[in-house]
Amino acid sequence: MRTTPFTDLVGCKLPLQLAALGGVGTEELAQEVAAAGGLGMLPMGLGLPAHPAGALGMGFLLPYLPTFEGIAEQTRGARVVEFFWGEPAAAAVKAGHQAGALVSWQVGSAAEAVLAEAAGCDLVVIQGIEAGGHVRGTGPLDELLPETLASVSIPVVAAGGIGTPERVRELIDARAHAVRIGTRFLAAREAGVHPKYLAALIAGRAGDTVLTDHFDDDGDWPATVRVIRASLDGAQSVGNRSTLPAASGSEQPGMMPWYAGLSIDHVHRPQSAREIVAELTSLLD
Ligand SMILES: Cc1cc2nc3c(=O)[nH]c(=O)nc-3n(C[C@H](O)[C@H](O)[C@H](O)COP(=O)(O)O)c2cc1C
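Along each chain, residues carry numbers from 1 onward, in the same order as the chain's sequence is written. Residues qualify for local features only when their pLDDT is at least 70, as the model is predicted, and side-chain atom pairs are given and counted only at 80 or more; totals for whole chains, interfaces and linings, by contrast, use all residues.

What to know about the overall build of the chain
For the record, the criterion: Elements are defined by DSSP. Helices are runs of H or I of four residues or more, strands are runs of E of two residues or more, and each kind is numbered from the N terminus. Each radius of gyration reported is based on C-alpha atoms, and the globular scaling rule is 2.2 Å times the count of residues to the power 0.38. Here a residue counts as buried when 20 or more other C-beta atoms fall within 10 Å of its C-beta, as exposed when 12 or fewer do, and as partly exposed in between; the C-beta atoms come from the backbone. For every residue pair, C-beta atoms are placed from the backbone, and the pair is scored as a contact if these atoms sit within 7 Å.
Looking only at helices and strands, one finds eleven helices and eleven strands in the chain. For 285 residues, the compact-globule estimate of 2.2 N^0.38 gives 19 Å, and the C-alpha radius of gyration of the chain, at 17 Å, lies within 12% of that figure. Each principal axis of the C-alpha atoms in the chain carries an extent, and together these give about 45 × 40 × 40 Å. In the chain, which comprises 285 residues, the proportion classed as buried is 52%. Contacts in the chain between residues at least 24 apart in sequence constitute 56% of all its contacts with a sequence separation of at least 6.

Regarding the nonpolar core
Applied cut-off: Nonpolar core, as used here: buried Ala, Val, Leu, Ile, Met, Phe, Trp, Tyr and Cys residues forming one set through C-beta atoms within 7 Å. For every domain, the bounds stem from an assignment made automatically or drawn from a database.
In terms of nonpolar packing, the biggest core is built from 92 residues, with Val124, Ile126, Val157, Ala158, Val179 and Phe185 touching the most fellow members. A domain-level breakdown of this core finds at least three residues from each of domain 1 (5–188 + 269–280) and domain 2 (195–264).

Describing the sheet that holds strand β11 (residues 225–228)
For clarity, the cut-off: By this definition, two strands are paired if DSSP reports at least two bridges between them. For helices, the fitted line uses only the C-alpha atoms of the stretch in contact; every axis is such a line through C-alpha atoms, and the angle between N-to-C directions lies from 0 to 180 degrees.
Taking strand neighbours across the sheet as the criterion, the three strands line up as β7-β11-β10 in an open arrangement whose pairing is antiparallel. The open sheet has two edge strands, β7 (133–134) and β10 (209–212), and neither has a second partner. Bridging between β7 and β11 involves two bridges; their strand directions are antiparallel. When the sheet's bridge partners are listed, Gly133 is paired in β11 with Arg226. In the packing of helix α10 (residues 229–238) onto the sheet, the strands contacted are β10 and β11, and the crossing angle to β11 comes to about 95°.

Focus on the site of the ligand
Put simply, the rule is: By convention here, the C-beta atom is placed from the backbone, and a residue is near a molecule or strand when that atom is within 6 Å of it. Residue polarity follows a fixed list, in which Ala, Val, Leu, Ile, Met, Phe, Trp, Tyr, Cys and Pro are nonpolar, Asp, Glu, Lys and Arg are charged, and the others, Gly among them, are polar.
If you check the shell around the ligand, you find 29 residues, and the closest are Gly22, Gly132, Gly133, Gly182 and Gly261. Those elements that provide at least two residues to the shell around the ligand are β3 (56–61), β7, β9 (178–181) and α8 (183–186). Its residues placed into classes, the shell around the ligand shows 14 nonpolar, 13 polar and two charged. Domain assignment of the residues forming the shell around the ligand places at least three in each of domain 1 (5–188 + 269–280) and domain 2 (195–264).

Considerations on the sheet that holds strand β4 (residues 80–84)
Taking strand neighbours across the sheet as the criterion, the eight strands line up as β1-β9-β8-β6-β5-β4-β3-β2 in an open arrangement whose pairing is parallel. Of all the strands in the sheet, the pair left with one neighbour each is β1 (16–18) and β2 (40–43). With strand direction ignored, the average angle separating the axes of adjacent strands in the sheet is 25°. Relative to strand β6 (residues 123–127), strand β5 (residues 102–107) runs parallel, the two sharing four bridges. Bridged to Trp105 within β6 is Val124.

Let's talk about the domain arrangement of the chain
Each domain of the chain was delimited in the assignment, giving domain 1 (5–188 + 269–280) and domain 2 (195–264). Taken together, the 21 residues of domain 1 in the interface contact 19 residues of domain 2. Among the secondary structure elements, those contributing two or more residues to the side of domain 1 that touches domain 2 are β7 and α8. With three residues, the single largest contributor to the side of domain 1 that touches domain 2 is α8. Looking at the side of domain 1 that touches domain 2 residue by residue, the class counts come to nine nonpolar, nine polar and three charged.

Considering helix α6 (residues 141–151)
We apply this condition: The directions from the helix axis to the C-beta atoms are what the arc is built from.
For α6, every residue scored as buried is listed here: Leu141, Leu144, Leu145 and Thr148. Axial view of α6: buried residues confined to an arc of 105°, hence all on one face. Those residues of α6 that are buried lie in contact with α5 (110–118), β6 and β8 (156–159).

Describing the pairing of β3
The buried fraction of β3 is high, at six of six residues. Where burial is concerned, the two faces of β3 agree: the one with Leu56, Met58 and Phe60 and the one with Gly57, Gly59 and Leu61 are both buried. Here β2 pairs with β3 via four bridges, running parallel. The residue bridging Met41 from the neighbouring strand is Gly57, located in β3. Across five bridges, the pairing between β3 and β4 is parallel. In the sheet register, Phe60 faces β4, and the bridge partner there is Phe83.

Have a look at this one:
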């Protein structure tokens, strides 16, 4: 299996990272991806397992950041601490380092990647506009990746709309040090997605997704997100602006965001996380 500066740094077998999936990511999903050789990520709020099955990280969202002491406490034992949505800040990076972890920042432009490196990050995720969920990407991944690779010397992970083994190989051939996958893992059996949301992911196509500013937690988190259009219609009909996605136990799943990237085209059926990892990395030699 192809090693890269990402696999060397993180100490995992595969150049693949599970995206932190706020509201629907689970410990089991992260553990299965880690056990399969990738970097498993937990969204903030979930505890790290006492016995990690491999490399695990935790993702924090800047609008809801705990105290720096809180970050250090929550992430003890994590291989990677990651931040998203906000200008890279040296103080946050220091908190991750104090927990003994590598620190990553998901960014939306090469300029922001430069700020992440300057703030002390050990790696960076460049997110293209194809991504599901909160979209910080300022353009297509194929434009942002080479610009970012030319601008920083830390490992660069490519994210947004990645759904096939061919695309994974193409990006690694284009010198991405790893790929980050969100939407494909929403159909993993270990994910905590509501059955109605899962059915929409399986039936949906890229053209059914839409970028919207509607879901902003009533003004607390103004941002652009990519969702399946039907969920936007449902949320607008009742005035729901919460960013919480339709999770397994949600009572009104049709009125909550169904986040999905353009990679929705490649979600065809429920699969195990291990199967998804094996499929996506099958063309790497
Ligand atoms: C349901 C869902 C929840 C997400 N939650 C987070 C999150 O909590 N933190 C984060 O950094 N990114 C989050 N993202 C964005 C991902 O990190 C990533 O950029 C995106 O999934 C990549 O595009 P893809 O979905 O086409 O693979 C989320 C994406 C989805 C689809």
